[in-house]
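# What the coordinates show
Here is what each chain is made of, one letter per residue.
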Amino acid sequence: MLLLGIVTLWLMLSFTIFKNNYNRKKSKEIEHKLIDSIVLNYKNLGVETKNNKLNWVKDYINTENGFWNFSFIFVKVHNVAKATKGTTFRAMANNIGLIMSLTNKLKSNNWYTRGKSIWLTYELELSDNWKTIIPYRNDKNKLVRREAQIALVTFLGWKSLVFFPYAEFPISLWQQIRIIDKLKSYYPTPDLAYLDKALKSKNPFIKELLIRIIRSYKLNDYKWYIIEQLYSNRIDLTECAIETLNSFEISSEDILPVYNKLEYTTNIVQHEMISDFVSHQKHQELLKTT
Amino acid sequence: MQYIIKESIEYFFLIYGIILFLIYFGFILLASKAISKNKKTATFLNINDIKGAEDLPSVTLVAPAYNEGKTILVNVNSLLSIEYPYYSLIVVNDGSTDDSLTKLIQTFDLEEITLYQGATEIKHIPAKRIFKSTNIKYKNLTIIDKDNGGRADALNCGIAYAQTNLVLCTDADCIIEQDALLKMVRPYLEETDREVIASGGAIGIANNSIIKNGIIKEVKVPKSIIARIQVVEYIRAFLLGRMAWGHVDGLMLVSGAFGMYPRRRLLEVGGFDPDTVGEDLELCIRLRSHMEILKEPYEVIYIPEVLCWTEAPSTPKVFITQRDRWARGLFEVIKKHRKLFLNKKYNKVGTVFFPYWVFFEFAAPLVEFLGLIYILLYLFFGAINFPIAIALAICVYLLGCIFSTIAILMFTKNFKHYSRPGVIFKLVIASYLEPFINHPLLLYGQIKGYLKKIFRVKTTWGTMTRKGF
């Protein structure tokens, strides 16, 4: 029986090697065919001819694996070419039924399908789906809610900050990095009205994100918010505020209230961190004056 | 009475063996679940998305070097070419008696800077000189020269001088994948509920692989059978063992060759223990018990991708020396942390994970050795039942083969390093030869190590003669 087990494992191993090689070749083939199909869209061919040539894709994406394999390649090619002709991709995604399929997958009960669908939605910039995504921003699955929040930022930009004060879960640093990345690539000019509203929020989960946004956009006028967080009851927020403040020009006027509050701090670690920061800033100030 | 003793001993061996196999197959189930979960999660954590981010935590790579003049330049160049925006490299020259330091000074335009004191929370042999490069290209490189104090002491020195949130401890002779740091910081960026106190990646064996400018160009199967068998051993240990333990939050070891830690926590516990040769295991256990006492939520993460490559011993002598050292390390750590054993104060660390290490990592070679003596005694007295003994031995051998084949199958399914049929065939055959080649050497090394500790034979780290990849 044990020998039979070993033989079965050999067969499985052989099948895995064969399958891996097949998948690798297939993936390359699809990539080439996809690029050919994209080129086809630029050619002056009739709609029917174009559709006929894309029939293989329609069949391929009907399977779960085929759908995701194709989508990953599609996004890859899309990211390379989006700077040139974004609309071609959208039309193509529509023609092959990708958008329709995706809209259905967004409502899936499976967290992985839902999360990947949200990811695909914002990567392909299918903004029509944003209303479907909104409820997922506080999904119990970490990855789903994260993708949903990134999608909202991609589609709504600064306006999406109105949703963050209602965040029910902490926002990981990875998520913050992705949110800021999307915000900066799609909305490089800050819309301060929405930022002001978000800054009024008492929700502890978004404070770090807001600090990082202020730093990322070098919003010097909002330094006060970061200074306010120095005495937070969360040490990581104090640490983040100090790191961020180091990237700004700090004047003695900024430092004074921080210094005055120092003696009332009972947390030893926080006290040490802030006093290091204050003495470093004083030293910098001294260097400037001399 | 004699009959009862004899039966008890035999049942002990049988039950111990059955439990061990059940645990191993439990590992397979847990590892499969963990791999599947990890694969799904990884699709959402594309490192290309964070490459240019300015909010990434800064990392210091600490690499101790002792008499590595032959390879030091290639290795430091390799470490300097790692893809990560905010990282610095501290190479601690641990009292090398060769030309390592001179070579480094000349090649990297090093200049001695004013000696200053690092963090005082960690004890180590004081730095004698500190060098920084005058060349802007190497601005993130620091070389610390100190008297020899061993690997743990050199790492402590590097940690004391690091100024970043995270510290990655490695060896100067390891080859690190270019994107390793981006992958290593992932758990630190992702976690919100629990603090990641340590993370480690899989270690690969690079003997006979093609390496250019300190970067692995093509992974090859080692020519030496001893090293080749270790490839399977590493796959089994990392892919099944660590993955499974990681899944149940029971990781007690982050490999010394490649482990990342928050510097704050390292300072709190005083860094590595220079009095043990199992400093990686010791640190991880100490960090875990520290967090248990603090009652703060934490986790130790294992990243299943091979991020660091090393040279495995390829001769019996070096292999035995290495395993002797590992056994001594384990002995020292178990002895040092014996208070954890079945201690509820440390929660699962004390009641489950540490006892596992005692019963099945520490005691396994002893049980095996005693079993062999028992068989020899039976042979001597002519009391052995040959048909049953042979059938049992074949069963155990085949079960071992099944276990190794499953590990290779899972690795082939999920990773691309060994993908050619010929290579996989070689690994499968090597694993089937393990009980006849590496395992006896391993057992010999382990028992030798234990005996040295029991009889207090004065020992050191032992030299690992490197042939070069």
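Residues numbered from 1 in each chain as written. Chains lettered and ligands numbered in written order. Predicted model: local features only at pLDDT ≥ 70, side-chain atom pairs only at ≥ 80, totals over all residues. Heavy atoms only, no water.

### Points about the overall build of chain A
A tally of helices and strands in chain A yields 15 helices and 0 strands. Here the C-alpha atoms of chain A give a radius of gyration of 26 Å, more than 25% beyond the 19 Å that 2.2 N^0.38 yields for 290 residues. C-alpha atoms of chain A, sized along the principal axes, occupy 75 × 65 × 40 Å. The buried share of chain A, taken over its 290 residues, is 49%. Within chain A, contacts between residues separated by at least 24 positions form 70% of all contacts whose residues are at least 6 apart in sequence. As presented, chain A carries roughly 15,400 Å² of accessible surface, and 56% of it is formed by carbon and sulfur atoms. A distance of 10 Å separates the average location of the 40 positive side-chain charges in chain A from that of its 28 negative side-chain charges. (Helix = DSSP H or I, 4+ residues; strand = E, 2+ residues; numbered from the N terminus. Rg over C-alpha atoms; globule rule 2.2 N^0.38 Å. Buried < 20%, exposed > 50% of the residue type's maximum accessible area, 1.4 Å probe, protein only. Contact = heavy atoms within 4.5 Å. Areas by Shrake-Rupley, 256 points an atom, 1.4 Å probe, with all protein chains shown as cover. Lys, Arg positive; Asp, Glu negative; His and termini not counted. Charge placed at Lys NZ, Arg CZ, Asp CG, Glu CD.)

### Notes on the overall build of chain B
Scanning chain B for helices and strands turns up 13 helices and 12 strands. Relative to its length of 469 residues, chain B is compact, with a C-alpha radius of gyration of 23 Å against a globular reference of 23 Å. Viewed in the frame of its principal axes, chain B has a C-alpha envelope of about 75 × 45 × 45 Å. Residues classed as buried in chain B amount to 56% of the 469 residues present. The long-range share in chain B, meaning contacts at least 24 apart out of those at least 6 apart in sequence, stands at 79%. Entry remark: accessible area of chain B is about 20,900 Å², with carbon and sulfur atoms responsible for 62%. Between the mean site of the 54 positive side-chain charges and the mean site of the 44 negative ones, chain B shows a separation of 5 Å.

### Looking at a nonpolar patch on the surface
Residue and element names in this part refer to chain B. A surface patch of nonpolar side chains, amounting to about 660 Å² of accessible area, comprises Leu372, Ile375, Leu376, Leu379, Phe386, Ile390 and Ile394. Elements with a contribution of two residues or more to the nonpolar patch: helix H10 (347-380) and helix H11 (386-414). With 4 residues, the top contributor of residues to the nonpolar patch is H10. Checked against the element boundaries, Leu376 lands in helix H10. (Patch = residues over 30% accessible without salt bridge, like charges linked within 9 Å, V, L, I, M, F, W, Y side chains within 5 Å. Salt bridge = Lys/Arg side-chain N within 4 Å of Asp/Glu carboxyl O.)

### With respect to the confidence of the model for chain B
Mean pLDDT for chain B: 92, with 98% of residues reaching 70 or above. The ipTM value of the predicted complex is 0.86, and its pTM value is 0.89. (pLDDT = per-residue confidence, 0-100.)

### Concerning the state of the cysteines
By definition, a disulfide links two cysteine residues through a covalent bond between their sulfur atoms. All names here are of chain B. Scanning the entire structure with this criterion turns up 0 disulfides over all chains. Considering cysteine sulfurs only, Cys174 is the nearest to Cys308, which forms no disulfide, with 3.7 Å between them. Cys401 carries a free sulfur, and the closest cysteine sulfur to it, the one in Cys395, is 12 Å from it. The exposure class assigned to Cys401 is buried, which follows from its relative accessible area of 4%. (Disulfide = S-S within 2.5 Å.)

### Considerations on unusual backbone geometry
With a phi close to 55 degrees, Glu125(A) is a non-glycine residue in the positive phi region. Among the secondary structure elements, Glu125(A) is positioned in the loop between helix H6 (111-123) and helix H7 (130-133). Glu125(A) sits in the partly exposed class, given a relative accessible area of 31%. For Lys295(B), which is not glycine, the phi torsion reads 60 degrees and is therefore positive. Mapped onto the elements of the fold, Lys295(B) is located in the loop between helix H8 (279-294) and strand S12 (298-310).

### Thoughts on the pattern of salt bridges
Going through the model one piece at a time under the given rule, you end up with 41 salt bridges over all chains. The shortest N-O distance in the salt bridge between Arg146(A) and Glu190(B) comes to 2.9 Å. With Arg146(A) in helix H8 (residues 142-156) and Glu190(B) in helix H5 (residues 180-190), the pair connects residues from two separate chains. We classify Arg146(A) as buried; its relative accessible area is 1%. Each of Glu208(A), Arg212(A), Arg215(A), Arg234(A), Asp236(A) and Asp55(B) takes part in one network of salt bridges that share partners.

### Structural notes on the interface of chain A and chain B
Across the boundary between the two partners, chain A contributes 33 residues, which contact 36 residues of chain B. On the surface where chain A and chain B come into contact, there are 5 salt bridges. Our enumeration of links across chain A and chain B arrives at 11 residue pairs in polar contact (both at pLDDT 80 or more). When residues of the side of chain A that touches chain B are traced back to their parent elements, those giving at least two are helix H1 (2-42), H6, H8, helix H9 (173-186), helix H11 (204-216) and helix H13 (235-245) of chain A. Ranked by the residues each element gives to the side of chain A that touches chain B, the list is headed by H1(A), at 11 residues. Looking at the side of chain A that touches chain B, its residues break down into 17 nonpolar, 5 polar and 11 charged. (Polar contact = N/O pair within 3.5 Å; in protein donor to acceptor, adjacent residues only side chain to side chain. Nonpolar A, V, L, I, M, F, W, Y, C, P; charged D, E, K, R; others polar.)

### Quick look at the side chain of Asn203(A)
Residue and element names in this part refer to chain A. By secondary structure assignment, the location of Asn203 is in the loop between helix H10 (192-199) and H11. A polar side-chain atom of Asn203 sits 2.9 Å from the main-chain carbonyl oxygen of Pro165. A distance of 2.9 Å separates the side chain of Asn203 from the backbone nitrogen of Phe205, its partner in a polar contact. Excluding residues that lie within four positions of it along the chain, Asn203 makes contacts with Phe164, Pro165, Tyr166 and Ala167.

### Some thoughts on the packing of aromatic side chains
Tallied over the entire structure, the rule returns 41 aromatic pairs over all chains. When the ring of Phe411(B) is compared with that of Tyr418(B), the centres are 6.0 Å apart and the planes differ by 40 degrees; the resulting orientation is tilted. Assessed through its relative accessible area of 5%, Tyr418(B) is described here as buried. Positioned over the ring face of Trp119(A) is Lys116(A), at 4.2 Å from the centre of the ring. We note Lys116(A) situated over the ring of Phe44(B); from NZ or CZ to the ring centre the distance is 4.5 Å. (Phe/Tyr/Trp six-rings, centres within 6.5 Å; stacked < 30°, edge-to-face > 60°. Lys NZ or Arg CZ within 6 Å of the ring centre and 35° of its normal.)

### A few points about the sheet that holds strand S5 (residues 141-146) of chain B
Residue and element names in this part refer to chain B. Spatial strand order, S3-S4-S5-S2-S1-S6-S11-S8-S12-S7: 10 strands in an open sheet with mixed pairing. Taken across any chain shown, the strands that pair with only one partner, and hence form the sheet edges, are strand S3 (110-113) and strand S7 (175-176). Bridging between strand S4 (residues 127-133) and S5 involves 5 bridges; their strand directions are antiparallel. Paired with Lys132 across the bridge in S5 is Thr142. (Pairing = 2+ DSSP bridges.)

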